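Breakdown of the fold
As a plain string of letters, each chain reads:
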Amino acid sequence: MPAQFPWLTTLIVVPLLGAAVVWALPGAARRHARPVAVAVSLVVLALGVVAALSFDVADAGAHQLLETHGWIPALGVSWALGVDGVGLALVLLSVLLVPLVLLAAWREHPDAPADDASGVDAAVEGGGRIRHYVALVLVLEAFMVAIFAARDVFLFYVVFEAMLIPVYFMIGSFGGLQRRYAAVKFLLFSLAGGLVMLVGVIALYLHGPRGPQGFLTENLVGLELPVTTERLLFLAFFLAFAIKAPMWPVHTWLPDAAEQAPAGTSVLLVGVLDKVGTFGMLTLCLPLFPQASQWAAPAIIVLAVISILYGALLAIGQEDLMRLIAYTSVSHFGFIVLGIFAFTSVSLQGSSLYMVNHGLSTGMLFLVAGFLVARRGSARIADFGGLQKVVPVLAGTFLVAGLSALSLPGLSTFVSEFLVLVGTFGANRPAAVVATLGVVLAALYVLLTYQRVFTGPVRDELASTPDLTARERWVVGPLIAAMLLLGFYPAPALDLVREPADQTLQVIGVPDVAPLLTSTSEDGSDL
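Residues numbered from 1 in each chain as written. Predicted model: local features only at pLDDT ≥ 70, side-chain atom pairs only at ≥ 80, totals over all residues. Heavy atoms only, no water.

1. Here's the deal with the overall build of the protein
Rule in force here: What counts as a helix is a DSSP run of H or I of at least four residues, what counts as a strand is a run of E of at least two, and both are numbered from the N terminus. Each radius of gyration reported is based on C-alpha atoms, and the globular scaling rule is 2.2 Å times the count of residues to the power 0.38. In this scheme, a residue with accessible area under 20% of its type's maximum is buried, one over 50% is exposed, and one in between is partly exposed, where area comes from a 1.4 Å probe on protein chains only. By definition in these notes, contact holds between two residues if any of their heavy atoms fall within 4.5 Å. The protein chains shown are the only cover counted for residues, whose accessible areas, like all others here, come from Shrake-Rupley with a 1.4 Å probe.
In terms of regular secondary structure, the protein is built from 20 helices and 2 strands. Radius of gyration (C-alpha) of the protein: 23 Å, near the 24 Å computed for a compact globule of 527 residues. C-alpha atoms of the protein, sized along the principal axes, occupy 70 × 60 × 45 Å. Residues counted as buried form 59% of the 527 residues belonging to the protein. A separation threshold of at least 6 residues defines the contact pool for the protein, and within that pool the share at least 24 residues apart is 81%. For the protein, the computed accessible surface area is about 19,500 Å², with 67% contributed by carbon and sulfur atoms.

Put into structure tokens, the structure is as follows:
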């Protein structure tokens, strides 16, 4: 194998080729769309693991697996790819979730309910609907890898906008009765943020060195920008990322999208794509606009704390299972943003790790909720009850995913949430104390939901509900294993995010603050 093998480009091209093959399947061969798509996604997963083995963890703060080629030199645009420890972790999360999503829907036909005069969805009329869905999943996988590996700001923006296309059709063509409304709302929110970001991208280039590689991030870090200009550019990028994250008050598209989208689409949307927002804050906003980041941090921390509490409170009151999980994510993303803008190495490590752990726990929640909805034909929590006696394995997997969402010690999210709160406590004690209320509220929305769905008397219509099949157990098994592994032994993941966190603090010029676990008296002795 050549020393400079283009691993990242390969991880992008293979799923795109797989999608083309699936779309090209003729007539009777279309029934093989699922196995072809799963096979392609497993190949991508294997390639991702091999690429990760080529990554030097000891130098995780530097971009590795580098590729830089001229793309549009006249405009300063390059095909520049590379990942640091955080980017690699998110790429691996992406390539892990895609085959699980495809396998989860193996026996499901994602037909959208007919709501037009002909009774047929015009966007995917005719046979072979499933090939459109799985092909879109593969296209989305390619975009996910590309955006977490992009080292060119313009390339990042192009992928940022391009990934809206497959998601729009995955919601609008294969979702619930209000799928078109949810898809358009998602698209409008994302486009609005993207257009503001485009203005910032162009203005940043004009203030940079320009030239054939004028959009390379390493060429744009450290620019001497006027104070007002830097703040405006920061706000242009941050707004787009806050919408994508999503943060309060620009989060309202997410509950509608999660409620109407197929469960697999919600897994990728919330488990991976929303991380683009927090990933962009961490890897673009902070290093490109360090002074503006410090200027905006107090207000952003307030918004993050509001997101934590607002999302948790709204989750408690939800009657739809999918909307409930969506609001829990609003709360969790508040923790991630809080850790990023607390500006301590511990909080940054926690936020970086939280992005991965949230993808595992929330991805599993959506998948298990999808299994429940498929069996009941409804996502209304009131339509369930007593299922623990009927489907004990399904109930157990939901409980594990829920306990991970409330950050139970021993599961992966506990480590990341603990680091965020401890790191933030050292820099902003009031924010950390108030944010801790989100942990208490998480216990309420998880345990109350479990009680309503799985405990109590068994409803007559649920008495014959089948438990998880062998295929479905293979779907949730790897996620449970990953959550337990990172819960009891988080060292490998922490090794990936530790050095990037330290380097981020150096770039923005903020001194690190050690966690305040003890108080010190005037004579220097611990109290």
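After that view of the structure, there is still more to cover.
2. A word on the nonpolar core
Quick reminder of the rule: The nonpolar core is taken to be a set of buried Ala, Val, Leu, Ile, Met, Phe, Trp, Tyr and Cys residues, with the residues joined through side-chain atoms within 4.5 Å.
With 186 residues, the main nonpolar core has F156, F237, L269, M281 and F341 as its most contacted residues. It is helix α4 (residues 129–149) that provides the largest number of residues to this core, a total of 17 residues.

3. Re helix α12 (residues 275–288)
The condition that has to hold: What a helix is expected to span follows from its residue count: subtract one and scale by 1.5 Å. Two axes enter the definition of the bend at a residue: one is fitted to the seven residues ending there, the other to the seven starting there, and the bend is the angle between them.
The end-to-end C-alpha separation of α12 is 19 Å, in line with the 20 Å expected for 14 residues at 1.5 Å each. Roughly 35° is the biggest bend found in α12, and it falls at M281. By the criterion of burial, α12 is predominantly enclosed, with 13 of the 14 residues buried.

4. Some points on the pattern of salt bridges
Test applied: In what follows, salt bridge is the name for a side-chain nitrogen of Lys or Arg lying within 4 Å of a carboxyl oxygen of Asp or Glu.
Taken as a whole and judged by the stated rule, the model has 11 salt bridges. Two residues, E472 and R375, come together in a salt bridge whose shortest N-O distance is 2.7 Å. With E472 in helix α19 (residues 470–488) and R375 in helix α15 (residues 345–376), this pair connects stretches of sequence that are 97 residues apart. On the basis of relative accessible area, E472 is assigned to the buried category, the value being 5%. The class for R375 is partly exposed, based on a relative accessible area of 22%. Between D383 and R380 there is a salt bridge, and its shortest N-O distance comes to 2.9 Å. Each member of the salt-bridge network shares a partner with another, and the members are K185, D256, E259 and R323.

5. Some thoughts on a nonpolar patch on the surface
Here is the rule: Each patch groups residues whose relative accessible area exceeds 30% and which form no salt bridge, using 9 Å between like charges and 5 Å between nonpolar side chains of Val, Leu, Ile, Met, Phe, Trp and Tyr.
On the surface, L484, L485, F488 and Y489 cluster together into a nonpolar patch covering about 460 Å² of accessible area. Counting through the fold element by element, L485 comes out in helix α19.

6. Some details on the pairing of strand β2 (residues 77–83)
Test applied: A strand pair is defined by DSSP finding two or more bridges across the two strands.
Among the 7 residues in β2, 6 count as buried, and that is most of the element. Pairing analysis gives 6 bridges linking strand β1 (residues 64–72) to β2, with the strands arranged antiparallel. Across the sheet, the residue bridging to H69 is W79, located in β2. In sequence, β1 turns back onto β2 through a hairpin of 4 residues, with G76 there showing a positive phi of about 80°.

7. So, helix α3 (residues 85–104)
A turn of α-helix holds 3.6 residues, and therefore any two residues three or four places apart point the same way. The condition that has to hold: Definition of a polar contact: a pair of N or O atoms within 3.5 Å, with one able to donate and the other able to accept a hydrogen when the atoms are protein atoms, and with sequence-neighbouring residues admitted only if both atoms are side-chain atoms.
Across its 20 residues, α3 extends 29 Å between first and last C-alpha, which sits within 8% of the 28 Å expected from 1.5 Å per residue. Burial runs high along α3: 17 of the 20 residues are buried. If you check the start of α3, you find a side-chain oxygen 3.2 Å away from the backbone N of V86, and it comes from D84.

8. Describing the packing of α15 against α19
Quick reminder of the rule: Note on geometry: axes are lines fitted to C-alpha atoms, helical ones only across the stretch in contact, with angles between N-to-C directions running from 0 to 180 degrees. Each angle receives one of four descriptions, namely roughly parallel if under 35 degrees, roughly antiparallel if over 145, roughly perpendicular if within 65 to 115, and oblique otherwise. Left-handed describes a crossing whose near helix is turned anticlockwise from the far helix through less than a right angle; right-handed describes the clockwise counterpart.
It is at 10 Å that the axes of α15 and α19 come closest, and there the two elements cross at 155°. Comparing their axes, α19 and α15 come out roughly antiparallel. At the point where α15 passes α19, the crossing takes the left-handed sense. In this structure, α15 contributes N357, L360, S361, M364, L367, V368, F371 and R375 to the contact, and α19 contributes E472, V475, V476, L479, I480, A482, M483 and L486.

9. Here's the deal with the side chain of D256
Mapped onto the elements of the fold, D256 is located in helix α10 (residues 253–260). Taking relative accessible area as the criterion, D256 reaches 12% and is therefore assigned buried. Every residue in contact with D256, bar those within four places of it in the chain, is listed here: Y181, A182, K185 and R323.

10. Quick notes on the packing of aromatic side chains
Short version of the rule: Aromatic pairing here means that ring centres of Phe, Tyr or Trp (its six-membered ring) are within 6.5 Å. Orientation follows from the plane angle: under 30 degrees is stacked, over 60 is edge-to-face, and everything else is tilted.
Within the structure shown, the criterion is met by 21 aromatic pairs. Summarising the aromatic geometry, the rings of Y133 and F174 are spaced 5.2 Å apart at their centres and angled 70° between planes, so their arrangement reads as edge-to-face. Taken as a pair, Y133 in helix α4 and F174 in the loop between α6 (164–172) and α7 (179–207) lie far apart in primary sequence, 41 residues in all. Like F174, Y133 is buried. Their ring planes at 15° and their centres at 4.5 Å tell us that Y205 and F215 sit as a pair that is stacked.

11. Remarks on the packing of α3 against helix α11 (residues 263–273)
What counts is decided by this rule: Residues are grouped as follows: nonpolar covers Ala, Val, Leu, Ile, Met, Phe, Trp, Tyr, Cys and Pro; charged covers Asp, Glu, Lys and Arg; every other residue, Gly included, is treated as polar.
Relative orientation of the contacting elements α3 and α11 amounts to 170°, with a least axis distance of 10 Å. Classed by the angle they form, the pair α3 and α11 counts as roughly antiparallel. Within the contact between the two elements, α3 uses L93, S94, L97, V98 and V101 and α11 uses G264, V267, L268, G271 and V272. In terms of residue class, the contact of α3 with α11 is made up of 7 nonpolar, 3 polar and no charged.

12. Some thoughts on the confidence of the model for the protein
Keep this limit in mind: Confidence scores labelled pLDDT are given residue by residue by the predictor and lie between 0 and 100.
Mean pLDDT for the protein: 86, with 93% of residues reaching 70 or above. In this model residues 110–127 is a low-confidence stretch, pLDDT under 50, and it forms 34 contacts with partners more than four residues away in sequence or in other chains. Within the model, the stretch residues 518–527 combines pLDDT values under 50 with 8 contacts to residues more than four positions away or in other chains.

13. Section: the side chain of T328
Residue position: T328 is located in helix α14 (residues 321–341). There is a polar contact of 2.5 Å between the side chain of T328 and the backbone oxygen of I325. Leave out the neighbours within four places in its chain, and T328 touches G311, A315 and Y445.

14. A closer look at the environment of G423
You can see G423 is positioned in helix α17 (residues 412–427). Look past the residues within four positions of G423 in its chain and what remains in contact with it is T344, V346 and S347.

15. Thoughts on the environment of T436
Here T436 lies in helix α18 (residues 429–454). Residues T436 and L309, 127 residues apart in the sequence, show an inter-C-alpha distance of 9.3 Å.

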